[in-house]
Amino acid sequence: MINDTLKYLAGSAGPSGYGSKSTADQVTEDFASCFLPCSRNLTAIITGATSGIGEETARILAKRGVKIVMPARDLKKASEVKEKIQKESPEAEIILMEIDLSSFSSIKRFCTEFLALRLPLNILINNAGKFSNKLEFSEDKIEMTFATNYLGHFLLTELLMEKMVETAAEKGIQGRIVNVSSVVHGWVKREHFCFNQMLQPKKYNSTRAYAQSKLANILHAKEVSRQLMARKANVTANAVHPGIVKTGIIRDHKGCFTDSLFFVASKFLKSTSQGASTTCYAALSPQMEGVSGKYLTDCNETHCSGLADDESEAQKLWMQSCALIQRRLQR
Ligand SMILES: NC(=O)c1ccc[n+]([C@@H]2O[C@H](COP(=O)([O-])OP(=O)(O)OC[C@H]3O[C@@H](n4cnc5c(N)ncnc54)[C@H](OP(=O)(O)O)[C@@H]3O)[C@@H](O)[C@H]2O)c1
């Protein structure tokens, strides 16, 4: 543990050759020369690319020639990000589309519109995130953090899965799904991980709700990975912890307490580009070819919590999510 902390603070490289201080630019630059011709033919959907880690992920992938589809709930903000990226990479292809990840009907609409474009889909980065301070419900009557961070991405992945499997088979290039989770998934106790309680908690605790949604992101990646392997599809699914980055994620929690927490944790904070490195590594690195069902941090595979690694828990969550979404969409 102390050893790991010292390695983190020093930015020592792990087996991948990268560590906590590696930036998204560095981890993609190292293989860009050999991989660039290939990445020019890739299309990626990145959720939550209007700010923070997602914006940096979009900037770097676009710089490496990947066509970016940016689903956003605020199209004005998205078009400002697009302009910024194209200023740096004038040839970047960026398509803006509307989505609200807390709404099943909006996700369905986005997928129908995206599939109608008949584009290939090589990479899906489930990055958007919400850390709701108070108990709020989505239009589907689900607690907002769980609805946005987990169930929204669950439905998005389900509706795009066939397209990803098809693209991988047609192009012979492995598809990649990356779920952006968090180290805080480890704070969740088994007795608190109850599906119905997460949908409509009786006693709301914002940190617990956020941690539960991030645990669900890992279980989801692991279950999707198992299902893809079982059908021999050439698509991988992994989860990452980006590190602690001062972004908009804490916008609902602004105040003295959060400011002091960030001050105390300042030695552990990453820059946004360091925060986007593990996602970019999982999405593009040749070292990740064939690697699936894993949890990564600082661009290296690492251990997640026992609960996150529990196969039966992942299957149960997947079935409960499917059943719930079916019921809600039939209404
Ligand atoms: N920052 C950290 O320290 C940290 C640590 C561990 C994990 N993470 C994870 O990293 C990911 C990115 O977070 P971040 O730190 O970059 O936060 P951020 O700057 O707040 O970005 C969050 C993004 O998600 C989008 N989003 C939120 N709700 C949405 C909805 N209903 N529909 C569509 N898009 C929505 C936001 O869009 P708007 O611009 O419209 O608000 C924004 O683009 C999250 O999954 C977060 O849990 C972050």
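Residues numbered from 1 in each chain as written. Predicted model: local features only at pLDDT ≥ 70, side-chain atom pairs only at ≥ 80, totals over all residues.

In the annotation of an unreviewed UniProt entry, the chain is listed under the name Short-chain dehydrogenase TIC 32, chloroplastic-like and assigned to Daucus carota subsp. sativus. In UniProt, the chain has this text filed under Sequence similarities (unreviewed entry): "Belongs to the short-chain dehydrogenases/reductases (SDR) family." (UniProt positions renumbered as here; feature names shortened; annotations may be inferred.)

A. Representation of the pairing of strand 3 (residues 94-98) within the structure. The sheet contact formed by strand 2 (residues 67-72) and strand 3 spans five bridges and is parallel. Counterpart to alanine 72 in the pairing with strand 3 is glutamate 98. Taken together, strand 2, helix 4 (residues 75-88) and strand 3 constitute a β-α-β crossover, and its handedness is right-handed. (Pairing = 2+ DSSP bridges. Helix = DSSP H or I, 4+ residues; strand = E, 2+ residues; numbered from the N terminus. Right-handed = clockwise from strand over helix to strand, strands pointing away.)

B. Up close: the nonpolar core. Membership of the largest hydrophobic core comes to 83 residues, with the highest contact counts inside it found for Ala44, Ala58, Leu61, Ile68, Met70, Cys280 and Ala283. Examining the composition of this core, we find that eleven residues originate from one element, helix 6 (residues 144-171), more than from any other. Not counting chain neighbours up to four residues away, the residues in contact with methionine 70 comprise Ile46, Ala49, Ala58, Ala78, Lys82, Ile94, Ile95 and Leu96. (Core = buried A, V, L, I, M, F, W, Y, C linked by C-beta atoms within 7 Å. Buried ≥ 20, exposed ≤ 12 C-beta atoms within 10 Å, placed from the backbone. Contact = placed C-beta atoms within 7 Å.)

C. Region of interest: the packing of helix 6 against helix 8 (residues 206-230). Following both chains from N to C, one finds helix 6 and helix 8 inclined at 15°, their axes separated by 7 Å at the closest point. When the interaxial angle is binned, helix 6 and helix 8 end up roughly parallel. Helix 6 and helix 8 meet at a crossing whose hand is right-handed. Along its contact with helix 6, which presents Thr145, Phe146, Asn149, Tyr150, Phe154 and Thr157, the element helix 8 presents Ala209, Tyr210, Gln212, Ser213, Lys214, Ala216, Asn217, His220 and Val224. The residue makeup of the contact of helix 6 with helix 8, split by class, is seven nonpolar, seven polar and one charged. (Axes fitted to C-alpha atoms, helices over the stretch in contact; angles between N-to-C directions. Parallel < 35°, antiparallel > 145°, perpendicular 65-115°, else oblique. Left-handed = near helix turned anticlockwise from the far one by under 90°. Nonpolar A, V, L, I, M, F, W, Y, C, P; charged D, E, K, R; others polar.)

D. Region of the structure containing the sheet that holds strand 10 (residues 300-302). With mixed pairing, the eight strands of this open sheet are ordered in space as 3-2-1-4-5-6-9-10. A single partner strand is all that each edge strand has here, and the edge strands are strand 3 and strand 10. Pairwise comparison of adjacent strand axes, ignoring direction, gives a mean angle of 25° for this sheet. Here six bridges tie strand 5 (residues 175-180) to strand 6 (residues 235-241), and the two strands are oriented parallel to one another. The partner of glycine 175 across the bridge, within strand 6, is valine 235. Of the strands in this sheet, strand 2 and strand 3 touch helix 4, which is tilted by about 170° from strand 3. The sheet contacts of helix 6 involve strand 4 (123-126), strand 5 and strand 6, and relative to strand 4 the element is tilted by about 165°.

E. Representation of unusual backbone geometry within the structure. At arginine 118, a position not held by glycine, the phi torsion is positive, near 55°. Along the polypeptide, arginine 118 turns up in the loop between helix 5 (104-116) and strand 4. Given 7 C-beta atoms within 10 Å, arginine 118 falls into the exposed group. The phi torsion at cysteine 299 lies on the positive side, around 65°, for a residue other than glycine. Mapped onto the elements, cysteine 299 comes out in the loop between strand 9 (295-297) and strand 10. Judged by the 28 C-beta atoms lying within 10 Å of it, cysteine 299 falls in the buried class.

F. How the structure looks around helix 6. The first and last C-alpha atoms of helix 6 sit 37 Å apart over 28 residues, in line with the 40 Å expected at 1.5 Å per residue. Along helix 6, the helix axis deviates most sharply at leucine 160, where the bend reaches about 45°. (Expected span 1.5 Å × (residues − 1). Bend = angle between axes of the 7 residues up to and from the residue.)

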